[in-house]
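Structure at a glance
Here is what each chain is made of, one letter per residue.
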Amino acid sequence: MSEDLRTERKGQLLAVKDLPTLPVVLEEVSKLLEDPNSSTQQIAKLISRDQVLSAKVLKMVNSPIYGFPGRISTIQHALVLLGFNVIKGLIISTSVFELMTTSMVGLWEHSVGCAMACNAIAREAGFKDPEEYAVAGLLHDLGKVIVALQMPTAKEEIDAVVRQEDVLYLDAEKKVLGFGHDRINAWVADHWNLPVNLKIGISGHHRPVTAQHYPKMACVVHVGDVLIRTLEIGSGGDDLVPRLDPEALALLQLDMSQLDKVLDVMLAEIEGDGLSMGLG
Amino acid sequence: MAFFQSLWPPDQVEWTVFQRGPMALEQVFNAPPDLLLVDDDLPQLSGPTLVNMVKSENVYRQLPVVLCLTEEKPLENMDFHAVEMDDFLVYPISPLEARSRLSLTLHRASRELDANPLTKLPGNTSIIQRIQDLIDRKEPFALAYVDLDHFKSFNDKYGFSRGDEVLMMAARVIVNTIRSFAGKLTFVGHVGGDDFVFILPPDTVESACQRIVESFDGIVPHFYDQDDQERGFILSTDRKGNMQRFSMMSVSIAVIFNTDGRLKHFGEASQIAMNLKKKAKSIPGSSYVLDRRQE
């Protein structure tokens, strides 16, 4: 692919101003915001269920306007720093696209599941702030949403390639666009001043060990993605399970028996609370 | 000039009129007025030059200056970047508009003047006024002084722009926490540096302190480099130039209460608070101390 074409497509993708959000979450968050007795934890938990709203909140709190770009990677912290007024404004200004509910519902479940998996893996590996890993898990397929929104015809072509050739969504993206959602994630992260660890988590999850900084973040998301696909929860756009990189497990110093434990935790959480837990 | 003099009754606004720039300058420098209205077309010293002479001195920068232009001189030729006035009027102008524009300029100047340049929170003048006002009205309130522990060593190690990030963060945490206790008796001010104050009704202040401590402690590690974050402390030179370990930043909050009209003057409030602050700072990590005397 020529450099010009790539730059043009990058510009087209980054022109995304208003990402869609799920109407259910929108309504519930608005209700909580109006209730003076609700806590930031409750609101953070709700917002964390929605990757688009989460991305918007993180984009806003990391923008230079607030004076600390690239520092905040959990929704809970973002809420304390932004305040309810800004959150309300964000929600009101968020237009709701039907596209999200119709063509992306499987992706939403996959994303929330991945967030939950990342949280469990980070805890098993003994990392601080497992919520940060959960946020990366939640946002790891954001690039797919952006393509669906900004380049709907390309999205159809990718879907067709996945169906006809039975390849990973990522490989179909590369065939159609010349790059995958991992690359788009990196552009978006830069564009929105997201913290470096979050950027690595969402852009490095398909090649985790090559990440120079924060390789553990990328490894956790990689393993989380594989686990949630193995459990067949939601859909990442194809029916395949990406190969689990053994080096990623080695870097996290996790063995198979520990992964079993993580799977048990996840299954218990899904049965207990449904797909909403495990997020900041 | 008679036009401007007629805008307000003489007992409300007093005008001093100079025909020449140099004479006005001397008076302005010795006894700055609340507002300076300059005619564009002055003999000897032109209006824009006079404006810039006043504005180039930091002590007089805060003085609001309005340039009075006439319709003959086209606005296209004005270089607003080069002439540092705060506003302008184009003569002829209706009395209502002239009065409104001048009073807006005056109010805008007083608002901007006291705000902290970094956080845009109200500064000392507004803080003192607010507290004295509450004391005078014998309104019960809790007044909290917040400051950051180990801020200086952080600033020394990472530089002042990273330090400013932390101050912005602290300001946001305090403002949003206070705002969530909605009510007319809430106020947040920035004394300067790493010192903040807030005012709340006495019964809500303790839970506000708890929330500020909790939020600050959760967020502040993200402002350190990854290796310092993992270590849990930073190495920096102390006041004597020796390398020393410094703990992560934390908040200390000292709260005093004005109940039953016990405070008579702002000075009392700040003195009690300063003593209390020493106590809060002597506790390692984030903490708050409530002055429970006379309760």
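Residues numbered from 1 in each chain as written. Chains lettered and ligands numbered in written order. Predicted model: local features only at pLDDT ≥ 70, side-chain atom pairs only at ≥ 80, totals over all residues. Heavy atoms only, no water.

1. As for unusual backbone geometry
All names here are of chain B. Note the cut-off: Working definition: helices are DSSP H or I runs of at least four residues, strands are E runs of at least two. Numbering for both runs from the N terminus.
Note that the residue after Tyr91, namely Pro92, is joined by a cis bond; omega there is 0°. Following the sequence through the fold, Pro92 ends up in the loop between strand S3 (87-91) and helix H4 (95-114). Its identity is not glycine, yet Asp260 carries a phi of approximately 50°, on the positive side. Tracing the backbone shows Asp260 in the loop between strand S9 (250-258) and helix H10 (266-282).

2. Points about the packing of helix H10 (residues 152-165) of chain A against helix H11 (residues 169-177) of chain A
All names here are of chain A. In plain terms, the rule: Between N-to-C directions, angles cover 0 to 180 degrees, with each direction set by a line fitted to C-alpha atoms, over the stretch in contact for helices. Roughly parallel means an angle under 35 degrees; roughly antiparallel, over 145; roughly perpendicular, 65 to 115; everything else is oblique. Crossings are sorted by hand: turned counterclockwise from the far helix by less than a right angle, the near helix makes the crossing left-handed, and turned clockwise it makes it right-handed. The contact definition used throughout considers only heavy atoms, calling two residues in contact when any of these lie within 4.5 Å. Throughout this entry, Asp, Glu, Lys and Arg are counted as charged residues, while Ala, Val, Leu, Ile, Met, Phe, Trp, Tyr, Cys and Pro are counted as nonpolar. The remaining residues, Gly among them, count as polar.
Running from amino to carboxyl end, H10 crosses H11 at an angle of 125°, the nearest separation of the two axes being 9 Å. Put simply, H10 runs oblique to H11. When the axes of H10 and H11 are compared, the crossing they make is right-handed. When H10 is examined against H11, the residues Ala154, Lys155, Glu157, Ile158, Asp159, Val161, Val162 and Glu165 are found in contact with a partner set consisting of Tyr169, Ala172, Glu173, Lys175, Val176 and Leu177. Class assignment of the residues belonging to the contact of H10 with H11 gives a composition of eight nonpolar, no polar and six charged.

3. Let's talk about a positive patch on the surface
Let me state the cut-off plainly: What goes into a patch is any residue over 30% in relative accessible area without a salt bridge, connected to like charges within 9 Å or, for nonpolar side chains (Val, Leu, Ile, Met, Phe, Trp, Tyr), within 5 Å. All accessibility values rest on the Shrake-Rupley procedure with a 1.4 Å probe; residue burial counts only the protein chains present in the view. In what follows, salt bridge is the name for a side-chain nitrogen of Lys or Arg lying within 4 Å of a carboxyl oxygen of Asp or Glu. Counted charges follow a simple rule, with Lys and Arg positive, Asp and Glu negative, and His plus the chain ends left uncounted. A charge is said to be at NZ when it belongs to Lys, at CZ for Arg, at CG for Asp and at CD for Glu.
Together, Lys10(A), Lys174(A), Arg183(A) and Arg207(A) give the surface a local cluster of positive charge. Of note, Arg183(A) is situated in helix H12 (residues 181-191).

4. A few points about the sheet that holds strand S2 (residues 65-70) of chain B
Residue and element names in this part refer to chain B. Quick note on the threshold: Pairing between strands is defined by DSSP: at least two bridges between the two strands are required.
Taken in spatial order, the three strands make up an open sheet running S1-S2-S3, and their pairing is parallel. A single partner strand is all that each edge strand has here, and the edge strands are strand S1 (36-39) and S3. Between one strand axis and the next, the sheet turns through 25° on average, direction left out of account. For S1 and S2, the ladder comprises four bridges, and the chain directions are parallel. Bridging across to S2, Leu36 finds its partner in Val65.

5. So, the sheet that holds strand S5 (residues 187-192) of chain B
Residues and elements named next belong to chain B. Taken in spatial order, the five strands line up as S5-S6-S4-S9-S10 in an open sheet, and their pairing is mixed. At either margin of the open sheet sits one strand with a lone partner, and together these are S5 and strand S10 (287-290). Neighbour-to-neighbour, the strand axes of this sheet turn through a mean angle of 20°, independent of strand direction. As paired strands, S5 and strand S6 (residues 195-200) are joined by five bridges and run antiparallel to one another. Across the sheet, the residue bridging to Val188 is Phe198, located in S6.

6. Considering the confidence of the model for chain A
Any region with low pLDDT has predicted coordinates that should not be read closely. Residue and element names in this part refer to chain A. Spelled out, the test is: What pLDDT expresses is the predictor's confidence in each residue, scored from 0 to 100.
Model confidence for chain A is summarised by a mean pLDDT of 84, while 89% of its residues fall at 70 or above. Of the regions scoring below 50 in pLDDT, residues 95-101 engages in 21 contacts with residues more than four places distant in sequence or in other chains. Low pLDDT, under 50, characterises residues 276-280; the predicted model gives this stretch 20 contacts beyond four residues in sequence or across chains.

7. Brief notes about the interface of chain A and chain B
Quite often, the size of an interface is put as the accessible area lost when its parts meet. The condition that has to hold: Two parts placed together each lose some accessible area under a 1.4 Å probe, and adding up what both lose gives the buried area. Polar contacts, as used here, are pairs of N or O atoms within 3.5 Å; protein pairs need one atom able to donate a hydrogen and one able to accept it. Residues neighboring in sequence count only if both atoms are side-chain atoms.
Each partner contributes residues to the interface: chain A has 19 residues there, and chain B has 17 residues. For the chain A and chain B pair, buried surface summed over both sides reaches about 1500 Å², with 55% attributable to carbon and sulfur atoms. With its nearest N and O atoms 2.6 Å apart, the salt bridge here joins Glu165(B) to Arg71(A). In this assembly, chain A and chain B are joined by seven residue pairs in polar contact (both at pLDDT 80 or more). Looking at the side of chain A that touches chain B element by element, the count peaks at six residues for helix H5 (residues 75-93) of chain A. Of the residues belonging to the side of chain A that touches chain B, the class tally is nine nonpolar, six polar and four charged.

8. Focus: the pattern of salt bridges
Residues and elements named next belong to chain B. Short version of the rule: Exposed residues in this analysis have more than 50% of their type's maximum accessible area, buried residues have under 20%, and partly exposed residues fall in between, with area computed by a 1.4 Å probe over protein chains only.
For the structure shown, the criterion picks out 26 salt bridges over all chains. Residue Arg108 pairs with Asp87 through a salt bridge whose shortest N-O separation is 3.7 Å. With Arg108 in helix H4 and Asp87 in strand S3, this residue pair connects regions lying 21 residues apart in the sequence. Overall, the relative accessible area of 24% leaves Arg108 in the partly exposed class. Looking at Asp87, the relative accessible area reads 14%, which means it is buried. With a shortest N-O distance of 2.8 Å, Arg231 and Asp228 are connected by a salt bridge.

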